[in-house]
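# Tertiary structure, described
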Amino acid sequence: MSKQEQNDSYKSQQKVSFFNFLAELPNFIAVTVSAIISGSLIVWMDFVDSLGNVLNSGFVALLSRKLRRDLKYEYNYGVGKIEAISSLACNGILICGLIFMLVSSVNDLISPKEPSGLLIYVVVLKVINVAFDTVFLRAQYKIKKEAKTAIATTEFHASLKSFLFDSVALISLLICWIFRDIHAVWYFSPIICIALSIWFFVGAIQRSRESVQMLTDRTLPEAEQMKIMSVLSCFHDRYEKFEFLSTRMSGNTAYIDLKLNFDKNTTYGEINALCAEITAKMKEQIEDCRVSIVIDGDK
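The structure presented is a predicted model; accordingly, all values stated were derived computationally and were not measured.

Rules of the game
Residues numbered from 1 in each chain as written. Predicted model: local features only at pLDDT ≥ 70, side-chain atom pairs only at ≥ 80, totals over all residues. Heavy atoms only, no water. Salt bridge = Lys/Arg side-chain N within 4 Å of Asp/Glu carboxyl O. Helix = DSSP H or I, 4+ residues; strand = E, 2+ residues; numbered from the N terminus. Buried < 20%, exposed > 50% of the residue type's maximum accessible area, 1.4 Å probe, protein only. Pairing = 2+ DSSP bridges. Axes fitted to C-alpha atoms, helices over the stretch in contact; angles between N-to-C directions. Contact = heavy atoms within 4.5 Å. Left-handed = near helix turned anticlockwise from the far one by under 90°. pLDDT = per-residue confidence, 0-100. Right-handed = clockwise from strand over helix to strand, strands pointing away. Phe/Tyr/Trp six-rings, centres within 6.5 Å; stacked < 30°, edge-to-face > 60°. Core = buried A, V, L, I, M, F, W, Y, C linked by side-chain atoms within 4.5 Å.

## Section: the pattern of salt bridges
If you walk through the whole model with that rule in mind, you get two salt bridges. A salt bridge links Lys227 to Glu224, with the nearest nitrogen and oxygen atoms 3.4 Å apart. With Lys227 and Glu224 both in helix H7 (residues 222-233), this residue pair falls three residues apart, about one helical turn. Residue Lys227 is classed as partly exposed on the basis of its relative accessible area, which comes to 29%. Residue class for Glu224 comes out partly exposed when judged on its relative accessible area of 21%.

## What about the sheet that holds strand E2 (residues 253-261)?
The three strands lie next to each other as E1-E2-E3, forming an open sheet whose pairing is mixed. Whereas interior strands pair on both sides, the edge strands pair on one side only; in this sheet they are strand E1 (241-250) and strand E3 (289-294). When strand polarity is set aside, the average angle formed by the axes of neighbouring strands in this sheet is 15°.

## What to know about the side chain of Ser17
Assignment of secondary structure puts Ser17 in helix H1 (residues 3-38). Owing to a relative accessible area of 2%, Ser17 belongs among the buried residues under this scheme. Leaving out residues up to four positions away in the same chain, Ser17 has contacts with Ser57, Val60, Ala61 and Glu155.

## Brief notes about the packing of H7 against helix H8 (residues 268-285)
Interaxial distance between H7 and H8 falls to 10 Å at its minimum, and their mutual angle equals 145°. Relative to H8, H7 is oriented so that their crossing is right-handed. Note on element contacts: H8 touches H7 through Ile278, Lys281, Met282 and Gln285, opposite Lys227, Ile228, Val231 and Leu232.

## Considerations on the confidence of the model for the chain
Overall, the prediction assigns the chain a mean pLDDT of 78, with 86% of residues at 70 or greater. Put simply, helix H3 (residues 80-110) is where the chain has its lowest mean pLDDT, 76, and H7 is where it has its highest, 87.

## With respect to the environment of Arg248
Among the structural elements, Arg248 can be located in strand E1. Arg248 sits in the buried class, given a relative accessible area of 17%. Between the C-alpha atoms of Arg248 and Met214, which are 34 residues apart in sequence, the distance is 7.7 Å.

## Structural notes on the pairing of E2
Counting buried positions along E2 gives seven out of nine residues, so the element sits mostly inside the fold. With nine bridges connecting them, E1 and E2 associate as antiparallel partners. Bridge assignment links Phe244 to a residue of E2, and that residue is Lys259. Pairing between E2 and E3: six bridges, direction parallel. Of the residues in E3, the one forming a bridge with Ala254 is Cys289. Following the backbone out of E2, through H8 and into the adjacent parallel E3, one traces a crossover that is right-handed.

## Here's the deal with the packing of aromatic side chains
Per the counting criterion, the structure on display carries three aromatic pairs. Ring geometry for Tyr141 versus Phe156: centroids 5.9 Å apart, planes at 50°, classification tilted. Here the residue Tyr141 occupies a position in helix H4 (residues 119-146), and Phe156 occupies one in helix H5 (residues 150-178), the gap between them amounting to 15 residues. Note on Tyr141: relative accessible area 44%, which makes it partly exposed.

## Overview of the nonpolar core
In this structure, Val43, Met45 and Phe165 are the most contacted members of the largest nonpolar core, which totals 25 residues. Contributions of two or more residues to this core are made by H1, helix H2 (41-67), H3, H4, H5 and helix H6 (188-215). The contact partners of Met45, leaving out residues within four places of it in the chain, are Leu98, Met101, Phe165, Cys193, Leu196, Ser197 and Phe200. Phe235, Ile256, Ile271 and Leu274 belong to the second-largest nonpolar core, a separate cluster that totals 20 residues.

## What to know about the environment of Val123
Among the secondary structure elements, Val123 is positioned in helix H4. Given the relative accessible area of 7%, Val123 is considered buried. Sequence-wise, Val123 and Val43 are 80 residues apart; in three dimensions their C-alpha atoms are separated by 9.9 Å. Discounting chain neighbours no more than four positions away, the residues touching Val123 are Leu170, Leu173 and Leu174.

Structural data, given as structure tokens:
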């Protein structure tokens with residue numbers, strides 16, 4: 001991806017995230033009031049989800065604006081760690097809220113309560129939410145398709161999560177309101193909340209784990225390293241000795257550092273040509289990667 005294409009993708013991301021923030025803010029206020037008035041666990045679950053959306057969309061809008069600047073002299077290895085830190089922070093807030101919801105859901109499952117008749121107003125709100133979610137999901141999918149950046153991918157999954165959650169919440173609230181006089185339905189809300197809490201919790205833990213791996217500069221998986229070694233074996237007659245291989249991920253980009261020893265008669269042009277060929281071959285195995293050949297260092 002060229003610098004201009006990347007800048008355009010960040011510009012589009014900033015615009016979508018900013019409008020998402022503006023749309024989510026009044027929804028967050030409405031959901032907060034609805035949760036306090038109705039006392040419904042599903043609505044409180046919606047409160048936690050909306051809080052995460054407000055924080056996420058606001059942060060991504062600011063981050064995308066910053067990334068539109070030329071940061072190659074500030075972050076030589078890309079902005080993957082910035083994205084990882086932000087993801088870790090947002091997921092941490094989400095996990096705390098989910099733990100609270102899980103405890104509350106178990107408590108309501110033990111002592112069920114009759115759903116409030118005011119849920120019909122929340123149903124109307126969720127219909128509006130689903131309509132907005134559909135618009136933002138389509139816009140985010142377009143950005144993800146055009147620019148495969150880490151932010152675009154993360155935001156697409158966040159938009160998909162919001163759409164699925166609001167759709168499930170709409171159906172659940174409608175069922176709870178229509179059949180609120182049936183005692184068995186009183187268990188429906190806490191059961192749905194427990195299921196959603198576990199689903200979101202597992203996803204948040206997985207994303208947090210990926211962020212931690214990136215922050216600790218963990219090497220590429222063994223399968224990817226074997227691909228790298230396989231590529232090197234194709235050029236074994238072009239260098240004298242293989243010293244070491246260092247790999248790391250920054251966002252969606254794999255950074256591959258190779259230390260090779262060359263015969264003293266090998267020219268810079270030959271080494272440069274080899275690096276270009278190895279990089280081209282690597283990209284066939286690992287789509288987004290940057291290869292560096294170290295020819296000098298500790299003996």
